Amino acid sequence: MKKIVLILLVLLLLGGGGAAAWWFLLRQPPADPQAAAAPVAAPIVYLKLPALTVPVIRDGAPHGLITVEMTMELKDETVRPQAEERLPVLADRLFVVLYDLLGRRIMQEQNFNLDMVKGRLLIAADKVMGAPGSITNVTFTAVETRFAS
């Protein structure tokens, strides 16, 4: 009986050692569920636009000037060549949108609501680019205002 217990104990130790060796040395590491679930973020691509000086006209008379420097956030790097090619048209369309918006009295009453301006600029940029969502955001890097008193 002692021999059987001794043999079983040796087999148990050998089996445990073999299982530990497999676990720590030979087993493939489990897939990290967080790494698999989180997509790799693409680098953000920016396109700096030339500064736009927009006259503010109200009631048929000049009211002031606003100079705006903007940066567009592109969907990915594949959009950049098309955006650079259409940059003159894009800048012109954005100028027209700003000219139209900034001359409205509601803009002054709402203290130049940037969310509304950004939304209108994104709609205009999508029309110029021809693909909705190719420009994902507009960032104002500098805004200078000069109003007549």
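All of the points below concern the structure found in this document. None of the values given here were measured: they were computed from a predicted structure.

## A look at the overall build of the protein
Here comes step 1: What the protein contains, in helices and strands, is six helices and four strands.
Here comes step 2: Scaling as 2.2 N^0.38, a compact globule of 149 residues should have a C-alpha radius of gyration of about 15 Å, whereas the protein reaches 32 Å, well beyond that.
Here comes step 3: Structurally, the protein occupies a C-alpha span of about 110 × 35 × 20 Å along its principal axes.
Here comes step 4: Classification of the 149 residues of the protein by burial places 25% in the buried group.
Here comes step 5: For the protein, the computed accessible surface area is about 10,300 Å², with 64% contributed by carbon and sulfur atoms.

## Focus on the nonpolar core
Here comes step 1: In terms of nonpolar packing, the biggest core is built from 31 residues, with M70, L94, L98, L121 and I135 touching the most fellow members.
Here comes step 2: Every element with two or more residues in this core is listed here: strand 1 (45-48), strand 2 (52-58), strand 3 (61-74), helix 4 (87-102), helix 6 (114-129) and strand 4 (135-147).
Here comes step 3: Once residues lying within four places of it in the same chain are set aside, the contact partners of L121 are M70, L94, V97, L98, V138 and F140.

## Looking at a nonpolar patch on the surface
Here comes step 1: On the surface, a nonpolar cluster with roughly 610 Å² of combined accessible area is contributed by I4, I7, L8, V10, L11 and L14.
Here comes step 2: Here I7 shows up in helix 1 (residues 2-26).

## Focus: the pattern of salt bridges
Here comes step 1: Counted by the stated rule, this structure contains four salt bridges.
Here comes step 2: Here R80 ties to E84 by a salt bridge, and the two come within 3.5 Å at their closest N and O atoms. Of the two residues, R80 and E84 are both situated in helix 3 (residues 80-85); the distance of four residues between them amounts to about one turn of the helix.
Here comes step 3: For the salt bridge of E144 with R146, the shortest nitrogen-to-oxygen distance reads 3.4 Å.
Here comes step 4: Judged by its relative accessible area of 41%, E144 is partly exposed.
Here comes step 5: Look at the salt bridges and you will find they share partners, linking E77, R80 and E84 into a network.

## Quick notes on helix 6
Here comes step 1: Taking 1.5 Å per residue as the helical rise, helix 6 with its 16 residues ought to reach 22 Å, and the 22 Å between its terminal C-alpha atoms agrees with that figure.
Here comes step 2: Burial in helix 6 covers these residues: V117, L121, L122, A124, A125, V128 and M129.
Here comes step 3: Buried-residue contacts for helix 6 involve strand 3, helix 3, helix 4, helix 5 (105-109) and strand 4.

## A short note on unusual backbone geometry
Outside of glycine, negative phi angles account for most residues, and trans bonds account for most peptide bonds.
Here comes step 1: Even without being a glycine, D59 presents a positive backbone phi close to 55°.
Here comes step 2: Position of D59 relative to the elements: it lies in the loop between strand 2 and strand 3.

## Describing the environment of Q108
Here comes step 1: Turning to its location among the elements, Q108 is positioned in helix 5.
Here comes step 2: Q108 sits in the partly exposed class, given a relative accessible area of 40%.
Here comes step 3: With near-sequence residues (within four places) excluded, Q108 lies in contact with R58 and H63.

## A short note on the environment of L8
Here comes step 1: By the secondary structure assignment, L8 is in helix 1.
Here comes step 2: Taking the C-alpha atoms as reference, L8 lies 90 Å from D100; in sequence the two are 92 residues apart.

## Some remarks on the pairing of strand 2
Here comes step 1: The side-chain alternation of strand 2 yields one buried face, formed by L52, V54, V56 and R58, and one unburied face, formed by T53, P55 and I57.
Here comes step 2: The pairing of strand 2 with strand 3 spans seven bridges and is classified as antiparallel. Bridge pairing links P55 to L65 in strand 3.

Rules of the game
- Residues numbered from 1 in each chain as written.
- Predicted model: local features only at pLDDT ≥ 70, side-chain atom pairs only at ≥ 80, totals over all residues.
- Heavy atoms only, no water.
- Helix = DSSP H or I, 4+ residues; strand = E, 2+ residues; numbered from the N terminus.
- Rg over C-alpha atoms; globule rule 2.2 N^0.38 Å.
- Buried < 20%, exposed > 50% of the residue type's maximum accessible area, 1.4 Å probe, protein only.
- Areas by Shrake-Rupley, 256 points an atom, 1.4 Å probe, with all protein chains shown as cover.
- Core = buried A, V, L, I, M, F, W, Y, C linked by side-chain atoms within 4.5 Å.
- Contact = heavy atoms within 4.5 Å.
- Patch = residues over 30% accessible without salt bridge, like charges linked within 9 Å, V, L, I, M, F, W, Y side chains within 5 Å.
- Salt bridge = Lys/Arg side-chain N within 4 Å of Asp/Glu carboxyl O.
- Expected span 1.5 Å × (residues − 1).
- Pairing = 2+ DSSP bridges.

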